[in-house]
Amino acid sequence: MSVDEGLALQWLSNVSYYRLSAYWYPARSMDPRNIRTDNFVQGARFRDVVDLYESDRKLRTLVHDGMERIEVTMRTRMGELLCVNGPLAYLEHDRFRPKFCHSDWMKVARKRIDLAARTNESVKHYKYEYADKYPFWVLAEVLDFADVSRLFEGLPARDQRCISEGLEIVPDLGQLSLNQQRKVKALPPLVRWMEQLTVVRNVCAHHGRLWNKKFTPAPTVALRTQREFNGLPEGQSERIFGALTVMAHLLRMASPGTSWPDKISQVINSDFLRNPLVDPAAMGLPNNWSGNF
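A. Geometry of the nonpolar core. Within the largest apolar cluster, 84 residues are counted, with the highest numbers of intra-cluster contacts made by Val63 and Met74. Element by element, the count of residues in this core is highest for helix H3 (residues 46–82), at 14 residues. Look past the residues within four positions of Val63 in its chain and what remains in contact with it is Val200, Cys204, Leu210, Leu244, Met247, Trp260 and Ile264.

Pasting the structure below:
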């Protein structure tokens, strides 16, 4: 590999060799058995590795920002639905799916409340003024993305559909087989996508790699019946392109006129795809991608 010694000294002093090695992995040559060797391909440059690392950091920052808005939107819409029967309806286990372990979820929620009670003034107020009873809108502020995702999964299908349709995720059932229709009616596709977005969000929170990484697979058959999602791969999606596509749609619903999709497109087109180390397939980009989300 062509290495600028000063640049390498700067980066390896502040970013570990192991962390950077994930970004030069595609520059390692293949042996006759199609296994990566410890040698680099001709023309490999440390500068390209640094640029790829920086591109991934930019992407991670944008994704983390988008996740914040999606999380707030989901908290709000679930709160509106759950509070129709009262602000404490979330305490009723029969409000959720029979197989949803409501008691376990409540244990986690209680831990969030107890931790927040040390510094959160709203939580303190309800703790002492309302006998430790917290309306959902108070609880929601101390939940994390995974808590929200699991609670969404626990809702009855009719409620999941209500929230999904409010975000304009409405698969065309006429394009699906009877078996596929049954699956969508029993579990709307946004449920599994929220699960994947939770993993992506956690990767960002821990400064992990988004480029060239596989995530929890999410189904695409139902979503692909909508024009906004027809760029998703058939069957399942496990690369970052799928998550970005779904995020772009959700953010347009939550914040009409948002520039987030354009910023993501700019990073991919101007940073990632100009780097010789980047294979578009590593991000899940389809061959016919228009270049915009």
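B. Quick look at the side chain of Asp56. Mapped onto the secondary structure, Asp56 falls in helix H3. Take Asp56: its relative accessible area is 0%, and that puts it in the buried class. With residues near it in sequence (within four places) discarded, Asp56 still touches Tyr23, Gly208, Arg209, Leu210, Trp211 and Phe272.

C. Local environment of the pattern of salt bridges. Applying the stated criterion to the full structure yields 21 salt bridges. One salt bridge in this structure joins Asp114 and Arg110, with 3.6 Å as the shortest N-O distance. Taken together, the residues Asp114 and Arg110, both in helix H4 (residues 102–116) and 4 residues apart, mark about one turn of the helix. Asp114 gets classed as partly exposed once you look at its relative accessible area, which sits at 38%. According to the relative accessible area criterion, Arg110 is partly exposed, its value standing at 32%. Close ionic contact of Arg150 with Asp147 constitutes a salt bridge, the shortest N to O distance being 3.1 Å. Placement of the pair is Arg150 and Asp147 together in helix H7 (residues 145–154), with a separation of 3 residues, close to one helical turn. Among the residues examined, Arg150 registers a relative accessible area of 38% and is labelled partly exposed. Connected via shared salt-bridge partners are Arg112, Asp144, Asp147 and Arg150.

D. Representation of helix H2 (residues 17–24) in the model. Those residues of H2 that fall on the buried side of the exposure criterion are Leu20, Ser21, Tyr23 and Trp24. Down the axis, H2 shows its buried residues gathered within 160° of arc, on one side only. Packing partners of the buried residues in H2 comprise helix H1 (5–14), strand E1 (28–30), strand E2 (36–40) and H3.

E. Just the side chain of Glu71, in detail. One can find Glu71 in helix H3. Under the relative-accessibility criterion, Glu71 is labelled buried at 10%. If sequence neighbours within four positions are ignored, Glu71 has contacts with Leu143, Asp144 and Phe145.

F. Region of the structure containing the packing of helix H10 (residues 190–205) against helix H11 (residues 240–254). Between H10 and H11, the shortest axis-to-axis distance is 10 Å and the interhelical angle comes to 110°. By the angle between their directions, the pair H10 and H11 is classed as roughly perpendicular. In terms of crossing hand, the pair formed by H10 and H11 is left-handed. Taken together, the residues of H11 that come into contact with H10 (itself represented by Leu190, Trp193, Gln196, Leu197 and Val200) are Ile240, Gly242, Ala243, Val246, Met247 and Leu250.

Rules and cut-offs
- Residues numbered from 1 in each chain as written.
- Predicted model: local features only at pLDDT ≥ 70, side-chain atom pairs only at ≥ 80, totals over all residues.
- Heavy atoms only, no water.
- Core = buried A, V, L, I, M, F, W, Y, C linked by side-chain atoms within 4.5 Å.
- Buried < 20%, exposed > 50% of the residue type's maximum accessible area, 1.4 Å probe, protein only.
- Helix = DSSP H or I, 4+ residues; strand = E, 2+ residues; numbered from the N terminus.
- Contact = heavy atoms within 4.5 Å.
- Salt bridge = Lys/Arg side-chain N within 4 Å of Asp/Glu carboxyl O.
- Arc of directions from axis to C-beta.
- Axes fitted to C-alpha atoms, helices over the stretch in contact; angles between N-to-C directions.
- Parallel < 35°, antiparallel > 145°, perpendicular 65-115°, else oblique.
- Left-handed = near helix turned anticlockwise from the far one by under 90°.

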